[in-house]
Amino acid sequence: MGQDNFMTQKRNLSLPTTAAAGNGRAFVGGGRGALRGKHVQKTFNNIKITILCGFVTILVLRGTIGIGSLGSSDALNQNLIEETNRILAEIRSDSDPIDPNDPPEPDVNPNTTYSLGPKILNWDSDRRNWLEGNPEFPSYVNGKPKVLLLTGSPPNPCDNPMGDHYLLKAVKNKIDYCRIHGIEIVYNMAHLDKELAGYWAKLPMIRRLMLSHPEVEWIWWMDSDALFTDMVFQVPLSKYSKHNLVIHGYPDLLFDQKSWIALNTGSFLFRNCQWSLDLLDAWAPMGPKGPIRDEAGKILTANLKGRPAFEADDQSALIYLLISRQDKWMDKVYVENSYYLHGFWAGLVDRYEEMIDKYHPGLGDERWPFVTHFVGCKPCGSYGDYPVERCLRSMERAFNFADNQVLKLYGFGHRGLLSPKIKRVRNETATPLEYVDKFNIRRASHSL
Amino acid sequence: MIMERCIGAHRWHRIQRALRHGKVTVICLLLTVVVLRGTIGAGKFGTPEQDFVNIRDQIVHKIAEHRRVLEEIQPQQQQQAKTTSDSADSSGSSSTSNSNSYMEFHINSILKDEDPEEKSDPNKPYSIGPKISNWDEQRSLWLKANPQFPNFIGPEKPRVLIVTGSSPKPCENPVGDHYLLKSVKNKIDYCRLHGIEIFYNMALLDAEMAGFWAKLPLIRKLLLSHPEVEFLWWMDSDAMFTDMAFEVPWERYKDSNFVMHGWNEMVYGEKNWIGLNTGSFLLRNCQWSLDILDVWAPMGPKGKIREDAGKILTRELKGRPVFEADDQSAMVYLLATQRDRWGSKVYLENAYYLHGYWGILVDRYEEMMENYRPGFGDHRWPLVTHFVGCKPCGKFGDYPVERCLKQMDRAFNFGDNQILQMYGFTHKSLASRQVKRVRNETSSPLQVKDELGLLHPAFKAVKLSSL
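Residues numbered from 1 in each chain as written. Chains lettered and ligands numbered in written order. Predicted model: local features only at pLDDT ≥ 70, side-chain atom pairs only at ≥ 80, totals over all residues. Heavy atoms only, no water.

Chemist: Got a minute to help me understand the overall build of chain B in this structure?
Modeler: Within chain B, the secondary structure is distributed over 13 helices and ten strands. In chain B, which comprises 467 residues, the share counted as buried stands at 49%. Across chain B, every contact between residues at least 6 apart in sequence was considered, and the portion connecting residues at least 24 apart equals 72%. A total accessible area of about 22300 Å² is found for chain B, and carbon and sulfur atoms account for 55% of it. (Helix = DSSP H or I, 4+ residues; strand = E, 2+ residues; numbered from the N terminus. Buried < 20%, exposed > 50% of the residue type's maximum accessible area, 1.4 Å probe, protein only. Contact = heavy atoms within 4.5 Å. Areas by Shrake-Rupley, 256 points an atom, 1.4 Å probe, with all protein chains shown as cover.)

So this is what it looks like as structure tokens:
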């Protein structure tokens, strides 16, 4: 079809040429003038053809490829980046499509006491009966009680990518410790109870796990910003046969000074029993979001030493509960400080080299801390209580300090406490089992 | 003018006219060709659209290359800056940034390699480790001497170690680490239910075997260091469990040493490079496995060896594009060319999705929830959904970012629902992070059983005689 157009155009174009030539000859008369006229006409016609062809070519090309975005590769890349950023921002945002079919959430009545669930009265005997009826799910294996480690993080991405990376490293650290010591992990990423969000979210989860897993003897809550730094040390559970709650803290800070940091709820163990369910029920009422939590916060700030003014947190609430009802609860609570069930990071991380020099894993205390807990760093948020560089540098060091203990079995170690790369510390051999016998932590701890 | 005098005016005119006609004809022909190419295409020369896509890809990859190169240079520069500033500043804490804000923080400013890189001898041929010939005896002696670490934890149930991993440095993509975290939570859940141990690797054991080959030295090291492990299960970090109730049929593999998802015809018959998948496979801890690792490894060392091996593989395997040698293609080639040596102990499983390509599964989750239930492991309810090509940790994958990430969320929630239902909850929808209650709390929780029976499943029961 295009060809037809061209043929007609050609015919049309050729007519004026000859006519113009004819005119030229008729009008101008002078030789050179006529020729020049002809030249001009010809050039003019050529230009017309060229322009028309060019125009048609552009149209056709645009129809197939679309030249607009071929203009610059930068613009293209920019588009890709913008698109990706938009998707990432969408993922990062906490927005969930609101389902119109969902019934509206019932408002919490501030006059009724919040409850974690229906009151359970015979948990000890129910549990005992269940264990007797299900011998294939024992609560003691090889003489050791079954422990479940509970940890977790929010379901949406952190405000900054470093946060997710360190959450990943922290969970690897916990996986390593728990594999070596035969502990199961539950990593919670769900808010089971909208009322008890934030640091209070552990309470409904602990209760739920206790009731669903009667075969578990101890539930160990650990914060996502706490790292195991002694891979050999085991919690001496036989020491707590008469207790139901093991928590790190200092009795003098607790009873004499009533300090809000007398205990730390970043790492503690709850026995699976009626007493624990009762304590959880007594602990929860300060938790529900909103006016209850704010009011409770004021009470706690008024009664505990050194507490800043903010909404009620689970740690202050527990301390307040244990102080005010000492007679009811304290005989079953073991306030542990002979080893670092929770070890505040600031005093520990700079001493790792000294520890490597002088001591060895298995001590669990200030010589080789069991747990290094990065309180206040808040890598998942946008702002922490401490300089970011210090926090992240320390977390990297703690992670590598612990990882070296795991990699030792395989003959590797990190190239420095700040390095993600590893180096060989033991040559490969054709008889690897002699080193397995020497360095396998699990084997060593089993024979204890 | 000159032409006119030579040939003669009239002739000249005729020639000029002919030239003019010729010009127009040529232009028309050109135009026709262009239009036709634009619509029909010119066979393997492609269409302009394909050209465009190729050019765009090249430019984009060049930019990615530049970026990667830049990022590799940057840490060196920053390290140099760090060491000079460190030596000047003895207190150890840098005075340059005391900010409490996590935004705009670059990880390379704190990472530091203290010991020098190991220099490998370029003349020495690559070896994955010293040759071991009596691993079966060594291992059985050890097992006899250590009865508290049996290699079978149940009558038919071997001790299994799942191995997965990711880079020790933060992902290039800002949400990449979040998806790695969800993926590892997913594996933790499955393994807790099925009594399997996990090893999450974040270390590059052998700098020469980087990238997809990094799993080989790691697997060998783990087999030799954990004689109590009977089966090692390698799983990529972009693979997720979507059937929490499915237990791998271990008795089926009692005579096999290597189980991969694939099809015999595609590997041995067609030599198709995707005839099997090395993103999720089982490897028994025995001499045979050490031998196959030794034979598998030689195509891996990065540089010229890997490039040349890539060319061989592209030539020999069906459908393989041109790129450096990867472990999967090398395994197809190995099995196809040495079937008599290895084939009898290799089981190419396709009765269930030991590896399930995500593209054909993720849109069907709602249909599956309607018609089937967990426990099948196959096309009705896949065991594993593997996000091949998505590369959430990097900046550029083979598929659009939005589709990949949204579908990974859905697959994660699909699997997570099976865990949450144990405790009486479920996600509000497959796209939602929020959960809702589906079973009320009761004052006698032990009477209630979860629908799928995952709280106390048979495959988790302890051997009574071992108590």
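Chemist: Quick question: what am I supposed to make of the state of the cysteines here?
Modeler: Disulfide: a covalent bond formed between the sulfur atoms of two cysteine residues. On inspection of all chains with the given rule, the structure shows four disulfides over all chains. C158 of chain A shares a disulfide with C380 of chain A; S-S distance 2.0 Å. On the sign convention where negative is left-handed, the bridge of C158 of chain A and C380 of chain A, at about -95° about the S-S bond, is left-handed. Taken together, the residues C158 of chain A in the loop between β3 (147-152) and α5 (161-181) and C380 of chain A in the loop between β10 (371-373) and α13 (388-407) connect sequence positions 222 residues apart. Paired through a disulfide, C390 of chain B and C404 of chain B show a sulfur-sulfur distance of 1.9 Å. The sign of the -90° torsion about the S-S bond sets the C390 of chain B-C404 of chain B disulfide as left-handed. One end of the pair, C390 of chain B, is in the loop between β8 (384-386) and α13 (401-420); the other, C404 of chain B, is in helix α13, and 14 residues separate them in sequence. Across the pair, exposure class does not vary: C390 of chain B and C404 of chain B are buried alike. (Disulfide = S-S within 2.5 Å.)

Chemist: Could you clarify how one ought to interpret the packing of helix α9 (residues 291-303) of chain A against helix α10 (residues 314-324) of chain A in this entry?
Modeler: Packed helices, taken two at a time, are described by the angle their axes make and the gap between the axes. All names here are of chain A. In the contact formed by α9 and α10, the axes pass within 10 Å of each other and the chain directions differ by 60°. One element, α9, and the other, α10, form an angle in the oblique class. Seen along the crossing, α9 lies across α10 with a hand that is left-handed. Across the interface between the two elements, I299, L300 and N303 from α9 touch S316, A317 and Y320 from α10. For the contact of α9 with α10, the class distribution of residues is four nonpolar, two polar and no charged. (Axes fitted to C-alpha atoms, helices over the stretch in contact; angles between N-to-C directions. Parallel < 35°, antiparallel > 145°, perpendicular 65-115°, else oblique. Left-handed = near helix turned anticlockwise from the far one by under 90°. Nonpolar A, V, L, I, M, F, W, Y, C, P; charged D, E, K, R; others polar.)

Chemist: Hey, could you run me through the interface of chain A and chain B in this one?
Modeler: Interface size, as often reported, equals the accessible area lost upon joining of the parts. Taken together, the contact pairs 121 residues of chain A with 115 residues of chain B. Both faces considered, chain A and chain B share a buried interface measuring about 11100 Å² in area, 65% of it formed by carbon and sulfur atoms. Counting every contact that joins chain A to chain B gives seven salt bridges. One salt bridge connects K460 of chain B with E184 of chain A, and the closest N-O pair in it is separated by 3.3 Å. Remark: the boundary between chain A and chain B carries 23 residue pairs in polar contact (both at pLDDT 80 or more). Counted by class, the side of chain A that touches chain B contains 60 nonpolar, 25 polar and 36 charged residues. (Buried area = accessible area lost by both parts, 1.4 Å probe. Salt bridge = Lys/Arg side-chain N within 4 Å of Asp/Glu carboxyl O. Polar contact = N/O pair within 3.5 Å; in protein donor to acceptor, adjacent residues only side chain to side chain.)

Chemist: Explain the pattern of salt bridges to me, please; I cannot follow it from the model alone.
Modeler: Opposite charge on two side chains makes pairing possible when the charged atoms of those side chains draw close. Summed over the entire model, instances satisfying the criterion amount to 53 salt bridges over all chains. In this structure, D403 of chain A engages K172 of chain A in a salt bridge whose closest nitrogen and oxygen atoms are separated by 3.8 Å. In this pair, D403 of chain A is assigned in helix α13 and K172 of chain A in helix α5, connecting sequence segments 231 residues apart. The two residues D403 of chain A and K172 of chain A agree in class, both being buried. One salt bridge in this structure joins K185 of chain B and D189 of chain B, with 3.0 Å as the shortest N-O distance. Of the two residues, K185 of chain B and D189 of chain B both sit in helix α5 (residues 176-194), four residues apart, roughly one turn of that helix. Like D189 of chain B, K185 of chain B is buried.

Chemist: What am I meant to see in a nonpolar patch on the surface here?
Modeler: Residue and element names in this part refer to chain B. Where nonpolar side chains cluster on the molecular surface, the patch consists of Y357, I360, V388 and Y399 and spans about 310 Å² of accessible area. Looking at the secondary structure, you find V388 in the loop between β8 and α13. The class of V388 is partly exposed, set by a relative accessible area of 30%. (Patch = residues over 30% accessible without salt bridge, like charges linked within 9 Å, V, L, I, M, F, W, Y side chains within 5 Å.)

Chemist: Mind showing me how you'd approach the sheet that holds strand β3 (residues 231-235) of chain B here?
Modeler: To summarise the sheet geometry, strands pair through backbone hydrogen bonds and adopt either a parallel or an antiparallel arrangement. Strand order in the open sheet formed by six strands is β2-β1-β3-β6-β5-β7 (chain B), and the pairing between neighbours is mixed. Pairing within the sheet leaves two strands with one partner each, and these edge strands are β2 (197-201) and β7 (346-349) of chain B. Within this sheet the neighbouring strands show an average axis-to-axis angle of 25°, counted without direction. In this structure, strand β1 (residues 160-165) of chain B lies alongside β2 of chain B, joined through five bridges in parallel fashion. Bridge pairing links V163 of chain B to F199 of chain B in β2 of chain B. Along the sheet face, α5 of chain A touches β1 and β2 of chain B and points at about 140° away from the line of β2 of chain B. Against the sheet, helix α8 (residues 287-296) of chain B makes contact with β5 (258-262), β6 (276-284) and β7 of chain B, and its axis sits at roughly 145° relative to β6 of chain B, the strand it touches most. (Pairing = 2+ DSSP bridges.)

Chemist: Even after reading the chapter, I still don't get the packing of α5 of chain A against α13 of chain A, so can you show me in this structure?
Modeler: Residues and elements named next belong to chain A. It is the contact of α5 with α13, at a shortest axis distance of 11 Å, that shows an interaxial angle of 25°. When the interaxial angle is binned, α5 and α13 end up roughly parallel. When the axes of α5 and α13 are compared, the crossing they make is left-handed. Listed contacts from α13 to M162, Y166, K169, K172, N173, D176 and R179 of α5 are L392, M395, E396, F399, A402, D403 and V406. Residue classes in the contact of α5 with α13 are distributed as seven nonpolar, one polar and six charged.

Chemist: Where do I start with helix α4 (residues 135-145) of chain B in this structure?
Modeler: Each turn of an α-helix holds 3.6 residues, which means side chains three or four residues apart point in the same direction. All names here are of chain B. Listed in full, the buried residues belonging to α4 are W135, Q138, R139, W142 and L143. Across the axial projection of α4, the buried residues extend over an arc of 130°, all falling on one side. In α4, the exposed positions angled more than 90 degrees off the buried face are occupied by L141, K144 and A145. (Arc of directions from axis to C-beta.)

Chemist: Looking at this model, I keep getting lost on the pairing of β5 of chain B. Mind explaining?
Modeler: Across a regular strand the side chains alternate sides, sitting on one face of the sheet and then on the other. Residues and elements named next belong to chain B. For β5, the buried fraction is high: five of the five residues fall into the buried class. Side chains of β5 alternate between two faces, with F258, M260 and G262 and V259 and H261 buried alike. In terms of strand pairing, β5 meets β6 through five bridges, oriented antiparallel. Each bridged residue has a counterpart across the sheet, and for F258 the counterpart in β6 is L283. Both β5 and β7 contribute to a ladder of four bridges, which runs parallel. Within the sheet, the bridge partner assigned to M260 lies in β7 and is L348.

Chemist: Honestly, the side chain of D189 of chain B in this entry has me stumped. Any pointers?
Modeler: Residue and element names in this part refer to chain B. On the accessibility criterion, D189 (2% relative accessible area) is buried. A polar contact of 3.2 Å, which involves the side chain of D189, links it to the side chain of R192. Excluding anything up to four places from it in sequence, D189 contacts M244, D416 and I419.

Chemist: What should I look at first to understand the nonpolar core in this one?
Modeler: A general feature of soluble globular proteins is that nonpolar side chains tend to end up buried together. Counting 232 residues, the largest nonpolar core has W220, F270, W283 and F370 of chain A together with W233, F258 and W296 of chain B as the members making the most contacts within it. Once residues lying within four places of it in the same chain are set aside, the contact partners of W296 of chain B are W213, L216, F258, T278, F281, D327, A330, M331 and L334 of chain B. (Core = buried A, V, L, I, M, F, W, Y, C linked by side-chain atoms within 4.5 Å.)

Chemist: Please clarify how the side chain of H178 of chain B should be interpreted in this entry.
Modeler: Note on placement: H178 of chain B falls in helix α5. On the basis of relative accessible area, H178 of chain B is assigned to the buried category, the value being 1%. Contacts of H178 of chain B, omitting those with residues within four sequence positions, involve P155, N156, P157, D164 and M189 of chain A.

Chemist: Explanation requested: the sheet that holds strand β8 (residues 263-271) of chain A in the structure shown.
Modeler: Here we have six strands laid out as an open sheet, ordered β4-β3-β5-β8-β7-β9 (chain A), and mixed in their pairing. The open sheet terminates on both sides in strands that have one partner only, identified here as β4 (184-188) and β9 (333-336) of chain A. Strand after strand, the sheet turns through a mean of 25° between neighbouring axes, direction not considered. As paired strands, strand β7 (residues 245-249) of chain A and β8 of chain A are joined by five bridges and run antiparallel to one another. Its bridge partner being in β8 of chain A, L245 of chain A is matched across the sheet by F270 of chain A. Helix α6 (residues 202-212) of chain A contacts β3, β4, β5 (218-222) and β8 of chain A of the sheet and is inclined by roughly 15° relative to β8 of chain A. Running over the sheet, α5 of chain B touches β3 and β4 of chain A and is turned about 140° from β4 of chain A.

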